[in-house]
Amino acid sequence: RDAGVTPRADRLIEYLHRLQDAHGALFADHLAALAEALKLARAEVFEVATFYHHFDFVPSGAEAPPALTVRVCDSLGCAMAGGAELAASLATRLGADVRVQRVPCVGRCDSAPVAVVGQKPVLNADADKVAAVVASGERDESLPEAIRFDAYRAAGGYALWEAVRSGERATDSIIQALDHAGLRGLGGAGFPAARKWRTVAAQPAPRNMAVNIDEGEPGTFKDRHYLATDPHRFIEGMLIAARAVGIAGIWIYIRDEYPALRRLLAEELERVRAAWPDLPPIELRRGAGAYVCGEESAMIESIEGKRGMPRLRPPYVAEVGLFGRPTLEHNLETLWWVRDIVEKGGDWFASFGRNGRKGLRSFSVSGRVAKPGVVVTDAGITLRELIDEHCGGMLPGHALYGYFPGGASGGILPASLADVPLDFDTLAPHGCFIGSAAIVVFSQHDQARLLAENAMEFFAHESCGQCTPCRVGTAKAAALMKAPQWDAGLLKELGRTMMDASICGLGQAAPNPMQSVLRFFPQEVGAVKGEGA
Ligand code: SF4
């Protein structure tokens, strides 16, 4: 307990982290004491502690896990790069004193395969590298070489914020610039940013803001890139948005897999607070390993200290969001673009683009390309152009066979559709979507069916369990997809049910890769039974 600070139930997840950090796991008697301190029912604390994958709850009388955990990513990019084999060899090599877990995407797909020793990521990992880090005692990642507050300010940063703050720059003109630019939400949903600002600003005060840095979509790592290099460009955009919309309090939710970035952000927010002490309160919240918390209403539940279960809509979070208040919810990257768009003009942003599309996009490219990484380029670029112009071509010995255009949930396209413009709305005729622009490229050495199975297992693992079509559907589909010959009729019916009847985007999008395989890669799933592929 911090001296003089009254414990708050909405900070439950923060307290659970502190307990686990201090004791190595969550023990039943600690949770009971926490429930009492927060004046919550024990069941409420236990259900939160057992919901999030990063919490290790130890029931009374059970054995605590080993002191060290090595997490090995087994999502798309890492699976292609041998993640499962790495996990298996580490389990043998590291022995019983180290727990080796296969985990979903850790947001470093450009350096696959990745293992995380404690909180220290090992990039392009092999068993020797991981064993060396285990032996070294290194458990934390060092801070990235980001542009810090003083350097950012010296280069003209926060001048726009100062102008907005002093009233010299009207917030209406800021929103107009975003409108001209055509800036859309870059977390995946693509909702026009200016319209969102106007909608929330029209709601009664007090209004809150929630910033989503929970990028957990397998294949996505752009927010990590922006935060690790130029965090103040995002913070300045956030402050301008808060001022334009009349925000009373800001909550920033960052995934637990980015501990160094969380420390960096905490340090830099302190500098910002020191420069402008009259800012609205800004709270930094730490996720706990639940992909579903990237869904805006689930994130809000999590910030409120609950299980990350998406809410039914309406009401929308713009009307009734965080702590029951109208809430402006944005992904980090959307806010990152605000300063450039306002300074250079909406027309500047809209002047980029090709193949009939407008604007810039940040593509997280991984898989079988020579140079994976974040590529900032024209909206509407095609995969072929992206690989040839920005990724150094395919890896030697690999020919393009297919790609995920929007992470695990955006479906799969074959090489024959490598000339489709990549942007919001352009992929719908092919049953796909771009989402957060996570491009995972695969080759003739991979099988689309195995990658689709990997994606479905991920969704089954991450389903919050609230609704039956998703909870049961993802698990059932994952099991059916293991059959050498797929039952197309049954899988299609199951997919339709999940899409039509799931509460949130997780269950609605989970069937996409499976349906893409039936549509574009039927040769991989045998002589398909049922109503035909
Ligand atoms: Fe939860 Fe899945 Fe239903 Fe979304 S679709 S609310 S993740 S069970």
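Presented here is an overview of the structure given in this document. As the structure is a prediction and not an experimental result, all values here were calculated from the model.

Before going further, it helps to examine the sheet that holds strand 13 (residues 400–404). Ordered in space as 12-11-15-13-14, the 5 strands form an open sheet in which the pairing is mixed. Two strands in the sheet have a free side with no partner beyond their single neighbour: strand 12 (373–378) and strand 14 (413–414). Where strand 13 meets strand 14, 2 bridges bridge the pair, whose relative direction is antiparallel. Within strand 14, the position partnered with Tyr-403 by the bridge is Leu-413.

What follows deals with unusual backbone geometry. Along the chain, Ala-112 connects to Pro-113 via a cis peptide bond; the corresponding omega equals -5 degrees. As for its placement among the helices and strands, Pro-113 is situated in the loop between strand 4 (98–103) and strand 5 (115–117). Backbone torsion omega between Arg-313 and Pro-314 reads -5 degrees, so that peptide bond is classified as cis. In this structure, Pro-314 sits in the loop between helix 14 (296–303) and strand 10 (327–331).

Applying the stated criterion across every chain yields a total of 47 salt bridges. One salt bridge in this structure joins Asp-425 and Arg-184, with 3.2 Å as the shortest N-O distance. With Asp-425 in the loop between strand 14 and strand 15 (438–443) and Arg-184 in the loop between helix 9 (171–181) and helix 10 (193–201), the pair connects residues that are 241 residues apart, well separated along the chain. Among the residues examined, Asp-425 registers a relative accessible area of 54% and is labelled exposed. Residue Asp-256 is joined to Arg-286 by a salt bridge in which the shortest nitrogen-to-oxygen separation is 2.6 Å. On the criterion of sequence distance, the pair formed by Asp-256 in the loop between strand 8 (247–254) and helix 13 (259–275) and Arg-286 in strand 9 (residues 282–286) is long-range, its members being 30 residues apart. Just as Asp-256 is buried, Arg-286 falls in that class too.

Cut-off values and rules
Residues numbered from 1 in each chain as written. Predicted model: local features only at pLDDT ≥ 70, side-chain atom pairs only at ≥ 80, totals over all residues. Heavy atoms only, no water. Pairing = 2+ DSSP bridges. Helix = DSSP H or I, 4+ residues; strand = E, 2+ residues; numbered from the N terminus. Salt bridge = Lys/Arg side-chain N within 4 Å of Asp/Glu carboxyl O. Buried < 20%, exposed > 50% of the residue type's maximum accessible area, 1.4 Å probe, protein only.

Take it as geometry only, folks, not as evidence of what the structure does.
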